[in-house]
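Structure at a glance
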Amino acid sequence: MNAFGFTEEQEAFRVELDRYARTRLLPAYRDRAAKAEFPWEAHKELAGLGVLGIGLPEEFGGAGVSPEDPVTLGMVAETLAYGDVNVAAAPVQSGLVAAQLAEGGSRAVCERYIPELVAGEQVSGIAVTEPGSGSDAAGLRTVAEPVAGGWLLSGEKIAITHATCAATMLVYARHPGSTRAKGISCFLLPMSEPGVSVGHMPGMGCLPLGWGSVAMDSVFVPTENLVGEEGRGFAAAMHHFDFSRSALGLLCLGAARASLDEAARYATEREAFGQKIAEFQGVSFPLAEHATYLEAARLLCFRALWARRAGQPHTALAAMSKWWPPRVALEAIQAAMQIHGNLGYSTEFPLQQRYRDVMAYLVADGTAEIQKRIIARDVFRAVVPA
Ligand SMILES: Cc1cc2nc3c(=O)[nH]c(=O)nc-3n(C[C@H](O)[C@H](O)[C@H](O)COP(=O)(O)OP(=O)(O)OC[C@H]3O[C@@H](n4cnc5c(N)ncnc54)[C@H](O)[C@@H]3O)c2cc1C
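Residues numbered from 1 in each chain as written. Predicted model: local features only at pLDDT ≥ 70, side-chain atom pairs only at ≥ 80, totals over all residues. Heavy atoms only, no water.

Going by an unreviewed UniProt entry, the protein carries the name Acyl-CoA dehydrogenase family protein and comes from Pseudonocardia eucalypti. The protein has a UniProt comment under Cofactor (unreviewed entry) that states "FAD". (UniProt positions renumbered as here; feature names shortened; annotations may be inferred.)

1. Comments concerning the packing of aromatic side chains
Considering all chains together, one arrives at 6 aromatic pairs under this definition. Seen from their ring centres, F302 and W306 are 5.5 Å apart, and the 50 degrees between their planes marks the pair as tilted. One end of the pair is F302 and the other is W306, both in helix α8 (residues 281–309) and 4 residues apart, which spans about a single turn. The exposure class of F302 is buried, given its relative accessible area of 1%. Assessed through its relative accessible area of 9%, W306 is described here as buried. Each member of the aromatic cluster is reached from another via a ring pair, and the members are F6, F302 and W306. Against the face of Y82 rests R22, its NZ or CZ located 4.2 Å from the ring centre. The cationic tip of K372 hangs over the ring face of W323; the distance from NZ or CZ to the ring centre is 4.2 Å. (Phe/Tyr/Trp six-rings, centres within 6.5 Å; stacked < 30°, edge-to-face > 60°. Helix = DSSP H or I, 4+ residues; strand = E, 2+ residues; numbered from the N terminus. Buried < 20%, exposed > 50% of the residue type's maximum accessible area, 1.4 Å probe, protein only. Lys NZ or Arg CZ within 6 Å of the ring centre and 35° of its normal.)

2. Remarks on the pairing of strand β1 (residues 124–127)
Burial along β1 is two-sided: the residues S124 and I126 and G125 and A127 are all buried. The pairing of β1 with strand β4 (residues 168–174) spans 4 bridges and is parallel. Residue I126 lies in a different strand from β4, and its bridge partner there is L170. (Pairing = 2+ DSSP bridges.)

3. Brief notes about unusual backbone geometry
One non-glycine residue, H162, adopts positive backbone phi at about 75 degrees. One non-glycine residue, D365, lies in positive phi territory at about 65 degrees. Position of D365 among the secondary structure elements: in the loop between α11 (351–359) and α12 (368–381). Among the residues examined, D365 registers a relative accessible area of 23% and is labelled partly exposed.

4. Regarding the nonpolar core
In a soluble, globular protein the nonpolar side chains are often hidden away together inside. Residues L46, V51, L80, L101, Y172 and L251 are the most contacted members of the largest nonpolar core, which totals 87 residues. One finds F38, W151, I160 and C165 within the second-largest nonpolar core, a separate group that totals 22 residues. (Core = buried A, V, L, I, M, F, W, Y, C linked by side-chain atoms within 4.5 Å.)

5. A short note on the state of the cysteines
Inspection of every chain in the model, using the stated rule, returns 0 disulfides. A disulfide-free cysteine, C206 has its sulfur positioned 8.9 Å from the sulfur of C252, the nearest such atom. With no disulfide of its own, C252 lies 8.6 Å from the sulfur of C301, the closest cysteine sulfur. (Disulfide = S-S within 2.5 Å.)

6. Concerning helix α1 (residues 8–25)
Helix length check: α1, at 18 residues, gives a terminal C-alpha distance of 24 Å against a target of 26 Å (1.5 Å per residue), a fit within 8%. Every buried residue belonging to α1 is among Q10, F13, L17, D18, Y20, A21 and L25, and all of these are buried. Taken around the axis of α1, the buried residues stretch over an arc of 165 degrees, which confines them to a single face. For α1, the exposed residues set more than 90 degrees away from the buried face come down to E8, R19 and T23. Turning to α1, the residues buried within the fold contact α2 (29–33), α3 (40–49) and α4 (69–81). (Expected span 1.5 Å × (residues − 1). Arc of directions from axis to C-beta. Contact = heavy atoms within 4.5 Å.)

In structure tokens, the structure reads:
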């Protein structure tokens, strides 16, 4: 077996980010997370740490493209999420948009929009989900009508991360009269264009991420804003989701690790029945069990990212690391809340906030059920007839 660990460079970067997550992000996480305001200050600090340019070409301000990038991005998401699971989503979100632009965007679009994402000056979103189609994304109805010099976009997107704070949005829309995945293209939409209106959707968590709707009423996008091939926008996006799913699994696990550490510390301080509660197996065994599950889920996510680095098939592994680790993380956070007794339920502590923030990932970027459909396809494909 080849090495299954971080390179020296990755480990040094991890140590630097870990220090930042614990000392800069963690102390103010609860306050930031309780407000529906994008955390620009922390976001710009991420740019300074160099985590918004991973895997992006140097000519557009990125750190350069290397086979190590998927693993590095996963490590970054996990490490930063220890301090703030919302802030830590930025390298994945920005990376996902910028990687699609770098791969399929016109030169003019790449030069204009990638550097500002890498510098942390702007954020961008990905708009697929609509009122009538979510899991069945190929059922989307937003139309891109060809006109001289470009297209007119009309339709409505909902449940979109960064809807209220993004400067641009990757919008998936179909050629008039087309059906299902054929005819769907991806466009870079500047949100300041006339005809775009956004609405805030209050969620139970992830408040700083600007969750909302985007309505488009005959919004003009020029030819150069097409991303990828016309009519084939979907296939390209799916390739990128194979990376983001594992990184999001690690994001959830980083938040869960912080929760378990807090519970372990509390258990060594809190006394009941004349002794530290850490001495009760009813407290120490759940900590041991969830530490085990976190480690197993973490290895699954990195296994998927290592497979991507090695150019091996990893779609099913990515789907596994999107449905199971968020669930493992939620259960660990819940156990940490229980160990904190009444304090676990208090909004004065970050545990309940992490629970609500992490819960988003059971649905965002594809539900657990949709991930299981992808895995099941692989399971049945491998069946050898008797
Ligand atoms: C916090 C958050 C952030 C999000 N950010 C974005 C974003 O940035 N961009 C974006 O485009 N979307 C985003 N979404 C939307 C998300 O991708 C969709 O909510 C998700 O794909 C599910 O779609 P839906 O809500 O329409 O549910 P539906 O597709 O209507 O599903 C309803 C239920 O039925 C189940 N189901 C559906 N089909 C099947 C099936 N074939 N087999 C088994 N079960 C099935 C689902 O798993 C779910 O439990 C976000 C959602 C959340 C919660």
